[in-house]
Amino acid sequence: MALLIFQRAFFCVAVSILTATQFLSAQTLTITEGVQLAFPGSIVERKTFFLNDEQKEEARRLAGENIPIDNNLVIPYIAHTDGNPVGIAYFDAHRVRTLQEVIMVAVDTEDRVIRIETMRFQEPPNYRAPGRWMAQFEDRKLDRDLSQKGDIATITGATLTARAVTAAVRRVMALHAVIDPL
Amino acid sequence: MTSSIRTSLIVPVLFMLLVSAVKTPEIVAQQADSVRIAELERNVEALARELERMDLGDVVVDLDSGEKGFGPAASRVYKIESGLSIGGYGEFLYENYAGKKQDGSASGKTDQFDALRAILYTGYKFNDRLLFNSEIEVEHAKEIYLEFAYIDYMLTDNVGMRAGMLLAPLGLTNELHEPPIFLGTERPLTENKIIPTTWRENGIGLFGETETTSWRIYTMNSLNGAKFSSSGLRGGRQKGAKAKAENFGIAARWDYIATPGLLLGASMYTGNTGQGAELNGSEVGGRVTIWDLHMDYKVNGFDLRALWAHASVKDVDKLNQLIGLAGSSGIGEAMGGWFVQAGYDLLRTKQDTESAFIPYVRHERVNTHQAVASGYSASASKDLTAISLGFAWKPATQVVFKGDYQMHETGTSSGINQINFVVGWLY
């Protein structure tokens, strides 16, 4: 009897939530929104860098862990405040399982990660990396600990996402070191 | 005087205009080159933007953003992103049994090499709020199962409704059982006999998460108590196949992520399992209640897990009579089990590779006859202790080769040791 009452209450709660919930905004961020999250109020300068084979090879070496780097083009978004550069935002597109994820990696002028943001995530939402997990990357430079073999934990239930994001951050930091946009 | 001044000004100006109008061929060529270079630069930049748009997608790239900075309030581009998602996993298992039991008698077990499972995940994202996800499994190379298939409807960014064939959200392995994810060639005994992995039934429920917690609560068609045995609840799974739905159960789970890599949680299930069966004119209830506490820690090369589970079954005497079980063959009234497991990646410091080599040890105990109904006897053979020593070698994160040696002991000295090898994958 108690179970029956519980089940009816469960359905009532489910229906109530369904009917009362206001849909929130879509989950995709634009480049503008991402950069303003990382560098609020800044003026942004977009640059384009073309990589030669030697630069790509150097980036692969720096990224390590067999992380693929096939970029011929790197586009940093350099944020300026009061005319001075305060950081750079990069955007990396990669596959998680079958579908694509785009993340922003924001770097300060001393080559440290200051923010990671999921811009677009097309796999089921329960595979999406939570913000608290992303915070592990903050204040880190490209070194051996910036790795799942190092200090970056995995995500229980979203192993492929954890691996894809970690690889993307290492790739971006390696490309950042190679092009030296400032 | 005035005319003289005018003349003195006009003449040099006219001369300069004349000189500037008469360009040398070199100047003309330089100006043409400048125009062409500027045009090429515009084209290269346009191509770079087009490549960026193709790489990141229309939705992310601001199509109207200028070259010299962004407007303060660029409008968001709403666009439905949808698509088919395909994944999968699988494992082949070789089991080599000892010729003798713990007490020295012949084990009678035949070694086995099994194409244990090959799975295809397919999902379809209709829009940002609505998606379908499924797992179709081929077991033992010939048995096909639908292991889960559900529709998720996101009510908010953090809360959703799920309906269809659902994985019971209990324990560590039932929902996450891809071979590269867990250590050990076989799933822990407690998550086989007490939490009957892979346990899936038809139902509906809610799920959600915050930055530090995640939860699920489902109502599902209950287990079928007429299929329980002295070895546990596993036979009671209906697997969604024309499932008897006279009784529903409630399954719930709550996990706390204390820090990235450390998960602490609990789960429970309760529901009658008689499924309308009657004995002597009265309906059999057969309520099953399962509790579980679990921990998973994966960071800095360590892979630690622990789980405790307990199950109780009401009306066991009636279920036993219904099935025709007697003596020490009856269903347990109380069952319990636990395991602790520890592994460490010996290749953790090797930075130029993603491969891992993880030796591990697991200690587990499970007893499906912790208590039995009055008039029945507990069998010591149901009190099983196992210690496993093994390794997992991952040449890539998504591929694993595992091997272990399992030492089994029972209260009747009927344990049979075994050596196992597994190759598994996930994509």
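Everything here concerns the structure above.
A short tour of the structure in this document, coming up. Here the structure is a predicted model, which is why all the values come from computation and not from measurement.

Observations concerning the overall build of chain A
Then, in step 1: Check the secondary structure of chain A and you find five helices and seven strands.
Then, in step 2: Looking at chain A residue by residue over its 182 residues, the buried ones come to 54%.
Then, in step 3: Summarising the internal contacts of chain A: among those between residues at least 6 apart in sequence, 57% fall at separations of at least 24.
Then, in step 4: Of the roughly 7,800 Å² of accessible surface on chain A, a fraction of 52% belongs to carbon and sulfur atoms.

Some details on unusual backbone geometry
Then, in step 1: The omega torsion of the bond from Thr-197 of chain B to Thr-198 of chain B falls at -5°, within 30 degrees of zero and hence cis.
Then, in step 2: Positionally, Thr-198 of chain B belongs in the loop between helix H3 (190-193) and strand S6 (200-209).
Then, in step 3: Even without being a glycine, Asp-139 of chain A presents a positive backbone phi close to 70°.
Then, in step 4: With respect to the helices and strands, Asp-139 of chain A occurs in the loop between helix H4 (131-134) and helix H5 (159-179).
Then, in step 5: We classify Asp-139 of chain A as exposed; its relative accessible area is 57%.
Then, in step 6: You will see that Asp-315 of chain B, though not glycine, has its phi angle at about 55°, which is positive.
Then, in step 7: Inspection of the secondary structure assignment puts Asp-315 of chain B in the loop between strand S13 (302-313) and helix H4 (316-323).

Points about the packing of aromatic side chains
All names here are of chain B.
Then, in step 1: By the definition in use, this model includes 13 aromatic pairs over all chains.
Then, in step 2: Centre to centre, the rings of Trp-254 and Tyr-256 are 6.2 Å apart; their planes meet at 5°, and the pair counts as stacked.
Then, in step 3: On the basis of relative accessibility, which here comes to 45%, the residue Trp-254 falls in the partly exposed class.
Then, in step 4: Ring geometry for Phe-302 and Tyr-344: centres 4.8 Å apart, planes at 55°, overall tilted. One end of the pair, Phe-302, is in strand S13; the other, Tyr-344, is in strand S14 (residues 332-344), with 42 residues separating them in the sequence.
Then, in step 5: Looking at Tyr-344, the relative accessible area reads 30%, which means it is partly exposed.
Then, in step 6: Through pairs of rings, three or more aromatic residues link up here, namely Tyr-89, Tyr-121, Phe-148 and Tyr-150.
Then, in step 7: Across from the ring centre of Phe-207, 4.1 Å away, lies the NZ or CZ of Arg-162, which sits over that ring.

Examining the side chain of Asp-114 of chain B
Residue and element names in this part refer to chain B.
Then, in step 1: Within the fold, Asp-114 resides in strand S2 (residues 112-125).
Then, in step 2: This buried residue, Asp-114, is left without a salt bridge; Arg-117 holds the nearest opposite charge, at 7.9 Å.
Then, in step 3: Beyond its immediate stretch of four places on either side in the chain, Asp-114 contacts Glu-91, Phe-92, Leu-93 and His-140.

Criteria and thresholds
Residues numbered from 1 in each chain as written. Chains lettered and ligands numbered in written order. Predicted model: local features only at pLDDT ≥ 70, side-chain atom pairs only at ≥ 80, totals over all residues. Heavy atoms only, no water. Helix = DSSP H or I, 4+ residues; strand = E, 2+ residues; numbered from the N terminus. Buried < 20%, exposed > 50% of the residue type's maximum accessible area, 1.4 Å probe, protein only. Contact = heavy atoms within 4.5 Å. Areas by Shrake-Rupley, 256 points an atom, 1.4 Å probe, with all protein chains shown as cover. Phe/Tyr/Trp six-rings, centres within 6.5 Å; stacked < 30°, edge-to-face > 60°. Lys NZ or Arg CZ within 6 Å of the ring centre and 35° of its normal. Lys, Arg positive; Asp, Glu negative; His and termini not counted. Salt bridge = Lys/Arg side-chain N within 4 Å of Asp/Glu carboxyl O.

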